[in-house]
Structures are given as structure tokens and as C-alpha cells.
Amino acid sequence: AELIWINVEVEELARDGELVSTTLGFQPGLVEALLKGDGSAYEDRDTEMGLMTPMIRVQELEVISEPLLILLRGNAVITIYRRGHATRFQKFGRYAETAMKKIKPELPTKDKMTTLVMRFLDENNERNFAGIRPIEDAGERLSAKLVTVDEDGNAVAQERKEHQRARSGRARRG
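Residues numbered from 1 in each chain as written. Predicted model: local features only at pLDDT ≥ 70, side-chain atom pairs only at ≥ 80, totals over all residues. Heavy atoms only, no water.

Caption draft 1: The arrangement of the nonpolar core in detail. Core analysis: the biggest nonpolar cluster contains 18 residues, and W5, I70, V77, F89, F92, L116 and F120 have the highest contact counts within it. Looking at this core, the elements that each hand over two or more residues are β3 (48-59), β4 (62-73), β5 (76-82), α3 (88-94), α4 (96-101) and α5 (109-146). Looking at which element gives the most residues to this core, the answer is α5, with 4 residues. Among residues more than four places away in sequence, those in contact with F120 are W5, I70, V77, T79, F89 and F92. Membership of the second largest hydrophobic core comes to 15 residues, among which are V20, V31, L69 and I78. (Core = buried A, V, L, I, M, F, W, Y, C linked by side-chain atoms within 4.5 Å. Buried < 20%, exposed > 50% of the residue type's maximum accessible area, 1.4 Å probe, protein only. Helix = DSSP H or I, 4+ residues; strand = E, 2+ residues; numbered from the N terminus. Contact = heavy atoms within 4.5 Å.)

Caption draft 2: Looking closely at the side chain of N128. Among the structural elements, N128 can be located in helix α5. Under the relative-accessibility criterion, N128 is labelled buried at 7%. In contact with N128, not counting residues within four places along its chain, are P54, M55, I56 and R88.

Caption draft 3: Geometry of the sheet that holds β3. Within the open sheet, the 5 strands sit side by side as β1-β5-β4-β3-β2. Their pairing is mixed. One side of each edge strand has no neighbouring strand; the edge strands of this open sheet are β1 (4-10) and β2 (41-44). The mean inter-strand angle of the sheet, taken between neighbouring strand axes irrespective of direction, is 20 degrees. Of the strand pairs in this sheet, β4 and β5 are connected by 5 bridges, and their pairing is antiparallel. Of the residues in β5, the one forming a bridge with L72 is V77. The strands touched by α5 within the sheet are β1, β3, β4 and β5, with β3 carrying the most contacts at an inclination of about 20 degrees. (Pairing = 2+ DSSP bridges. Axes fitted to C-alpha atoms, helices over the stretch in contact; angles between N-to-C directions.)

Pasting the structure below:
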């Protein structure tokens, strides 16, 4: 069976995500059940399943987490998220046909779906970490400025150390 990927951006995830999922043949309440999760969720309903995982984006130093829903049924993988809150799958969409052709055709449909979902999770995680890295780097630079280790292995506030240097410099001159 051919594998189908449908990427949907919606205005309001609870209302519009539920409408999209039921229109595509999913049981009512799947999106609602996923959105009850805290950050991530998993719902297995035998013939269909859904995952919710966070999409992280950073604006300046503010970390914003938005839900990404991945629904699976038959040979279809559906990604649903709020419009204007992520661009990660738009890029993937440009080369989705090529990426899907790389999935071995002899694999059972469930394995093809698993491969595609793993690819989506990998893309999402990569973008999540890319957004968080600048904050981590800034924190490390700040930490290095605030704390150093003295000769005895004790943490010393950088500001205090600089103050002591200034005092000892004045004492030598005077």
C-alpha cells in the first residue's frame, strides 16, 4: 500500500484538529484525549493511534512550546499543529516525495509508517534543540563570567575575584 502523509495547519488545535481528524476517518475524541496530556501524550485505539509531542521555538530568550499531533490510521500519517507556530514540516514537505521514496517498498505498511514517524520526530527534535542551543550557549557564557575555580578547586564569583585583584593592585601601589 502507498504511504500517505497529510500535513495540516489549523487555527485552533482542539476545535479544528478534532474536525480534521474526524473528517479523515479517525474516531471522535482522539485529539481531545491527546491534548489532555502534559507536554506529550500517546493514545492507542487498536486501529488508530495518536502522539502529541512538543514543538519548541524560541523568540529572543522566551521558550514557547506548542503541541504537534501525529495521527496514524491505515496507511496515513497526519501531522497537525497550529498555523503560524512552526515551519519545520513546510521544509520537509518540499522533499517529502523523495524522502518517502527512500522508504523500502518491500516493508510492511506499519513499518513504513514507523519509518516516516521516526523521520518526523527526528526533524522535530532537531528543530527543538536548534532553538534551545543559543539559550544554552548564552547560559554557559554567563556562568563562565560569574563563576571561576580558584587554585584549591573552590568556586569563586568572578566579580569578587576581580574586586580582590583591584584591591591588591591598589595595595601594591600605595
